[in-house]
Amino acid sequence: MPNASSAEPFSPGRRRFLAAGATAAAAIGWPGIRAVRADDFVLTAAAATKRLEAAHGVPVYAYNGSVPGPELRIRQGRTLRVRLKNRLDVDTTVHWHGIRIANAMDGVPELTQDAVAPGAEFEYGFTVPDAGTYWYHSHRFSFEQVERGLYGLLVVDEAQPYPVDRDIPLVVDDWRLTGDGAIDPLFGDLHDISHAGRLGNWITVNGASLPDIDVATGERIRLRVANTANARIVTLHFRGHSPWVIALDGQPVAPFTLGGGKLTLAPGQRTDLVLDVATAAGSRTPIDLVDQRGVLTIAHLSARGDTGTARSDPPPALPVNPLDTNLDLDAAIRAELTMSGGAMGNMQSARFEGRQMPIRELVEHDMAWSMNGVAGMGEAPLFTARRGRTVIIDLFNDNRWPHAMHVHGHHFRVIERNGEPLPDSPWRDTTLVQGFDRIRMAFVADNPGRWMLHCHMLEHAAGGMMTWFEVA
Ligand code: C2O
Ligand code: CU
């Protein structure tokens, strides 16, 4: 049975969260994440214990003993080599989310590699074509392994350093803890699968509960915001500040200001912000998570000094990445993709493991979603594209639930939403599709191999919302 927290996301956690916050004194710098600059790196996945509140050690899965795993940093165009050592007692893989990677390194079990068995190792090696903010995470039983802690940030540095005073990660995760502070062991619950996914009751930022992020008044900081939650759509409000958006899912955009506005990230998405610290030295300014139920402070910007400067000039645009943005819409191949299922949906049956099954039988296999009538990875690709062809996907989200649609190996643009053309939409690897939305996605299929397209609400993916395509 799902615990009460899935129906009431914040209430149980909030009480404990605020209690913990009162004693959460932060060290210098930002808590939680160790950054490493390395071209060669060993990533060991193993069981560990993590402190989420003063008195509790929570059993987790961790890369190199920490959640998030180390922040891997590498310069654009370089080759990253990471040796994964699996010291878990289950299979795992690593997926490098948003990297336009060589297919064999994409980390998808069955499609691009064999899962790495307990005790075994796998050598990932790939060049990083695009600068920006990416992340890595388990792609094996990810609804369980990511929730248990197997994720980290991957930062690809621009050739020229971007002019800010500090570069700070803001990795937001959502945990579902039981009353005694353990990770709720009920993974892949059918209620979560068929509704909004596994929503938690405890929020961490950079793996810490209500951390203080040290800054100074007048500083210009780059905040690399990532939503690593299984399913929660995260909307943030930076009180007292007007951050600029400079990149989405790693790809630069013409800088625009949020004003006093809010920032929404679907699971898997990243946003790079430039924030000029405007609050007085000595002050602590909340970063709030906002939803229909209210506001929860998840971190503070703590101004520990004053640079004596004040800025408000727009930040410079990031240099563009070598992404093929020349969509040839007239010559494009087209694929239709209808997503059905979920609670209160109209799916009667779907094909699963080669057989047509009525919904009753599907749910016995924990399947609640289909793409073009197929639950889970079908035998046939959604489409096959010759390398270099433009692809248009006409996607119809034929159910009431929002979904975070993620394409592997490519970035795409949403060129039309509900009939309305979107000439200036950004390049992304993950987009949020609302209930009953129709969108038209387009990209140049220039990366050969077999690639997944799935919902990044990890319970939805586990419940059937995944497919694949081939670039040959
Ligand atoms: Cu970040 Cu297929 O996932
Ligand atoms: Cu979904």
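If you're wondering where the values come from, they're calculated on a predicted model, not measured in any experiment. (Residues numbered from 1 in each chain as written. Chains lettered and ligands numbered in written order. Predicted model: local features only at pLDDT ≥ 70, side-chain atom pairs only at ≥ 80, totals over all residues. Heavy atoms only, no water.)

Observations concerning the packing of aromatic side chains
Each aromatic ring pair is described using two quantities: the centre-to-centre distance and the angle formed by the ring planes. Using the following cut-off: Paired rings are identified among Phe, Tyr and Trp, the last through its six-membered ring, by centres lying within 6.5 Å, and are further divided according to the angle between planes into stacked (under 30 degrees), edge-to-face (over 60) and tilted (the rest). Under the scheme used here, helices are H or I runs from DSSP no shorter than 4 residues and strands are E runs no shorter than 2 residues, and both carry numbers assigned from the N terminus. The buried label goes to any residue with under 20% of its type's maximum accessible area, the exposed label to any with over 50%, and the partly exposed label to all in between, with areas taken from a 1.4 Å probe on protein chains only. Working rule: Lys NZ or Arg CZ, within 6 Å of ring centre, within 35 degrees of ring normal, means a charge sits over the ring.
Following the criterion strictly, the structure yields 8 aromatic pairs and no others. Ring geometry for Trp 96 and Phe 126: centres 5.1 Å apart, planes at 50°, overall tilted. Placement of Trp 96 in strand E6 (residues 94-97) and of Phe 126 in strand E7 (residues 121-127) is noted, with a sequence separation of 30 residues between them. For the pair Trp 96 and Phe 126, a shared accessibility class is recorded, and that class is buried. The interplanar angle of 75° and the centroid separation of 6.5 Å between the aromatic rings of Trp 135 and Tyr 151 together place this pair among those described as edge-to-face. Here Tyr 151 lies in strand E9 (residues 151-157) and Trp 135 lies in strand E8 (residues 132-138), a separation of 16 residues in the sequence. Assigned by exposure class, Trp 135 and Tyr 151 land together as buried. The aromatic ring of Phe 141 is capped on one face by Arg 140, whose charged end is 4.7 Å from the ring centroid. Over the face of the ring belonging to Phe 396 we find Arg 438, whose NZ or CZ atom lies 3.8 Å from the ring centre.

Some details on the sheet that holds strand E15 (residues 244-248)
The pairing of strands in a sheet comes from backbone hydrogen bonds and takes either a parallel or an antiparallel form. Note the following rule: DSSP bridges decide pairing: two strands pair if at least two such bridges lie between them. All axes here are fitted lines through C-alpha atoms, helices being fitted over the stretch that makes contact, and every angle between N-to-C directions spans 0 to 180 degrees.
Taken together, the 6 strands give an open sheet; going across it, the order is E11-E10-E13-E18-E15-E16, and neighbouring strands pair in mixed fashion. Looking along the sheet, the strands with just one partner apiece sit at the ends: strand E11 (202-205) and strand E16 (251-257). Along the sheet, successive strands turn relative to each other by an average axial angle of 20°, direction set aside. When strand E13 (residues 220-227) meets strand E18 (residues 270-276), the two strands line up antiparallel, connected through 7 bridges. Its bridge partner lying in E18, Ile 221 is registered against Leu 275.

Considerations on the domain arrangement of the chain
Applicable threshold: Throughout the structure description, domain borders are defined by an automatic or database domain assignment. Whether two residues are in contact is decided by their heavy atoms, any of which lying within 4.5 Å being enough. Throughout, buried area stands for the accessible area (probe radius 1.4 Å) lost by two parts on being put together, summed over both. Definition used for salt bridges: Asp or Glu carboxyl oxygen within 4 Å of a side-chain nitrogen of Lys or Arg.
You can read the domains of the chain as domain 1 (8-306) and domain 2 (329-471). Taking only C-alpha atoms, the centre of domain 1 and the centre of domain 2 are 25 Å apart. Contacts between domain 1 and domain 2 engage 40 residues on the former and 38 residues on the latter. Surface buried jointly by domain 1 and domain 2 totals about 3,000 Å² across both partners, of which 62% is contributed by carbon and sulfur atoms. Per-residue buried area on domain 1 facing domain 2 is highest for Asn 103, Leu 111 and Ile 193; these three make up 20% of the total on that side. Across the contact surface, domain 1 and domain 2 share 2 salt bridges.

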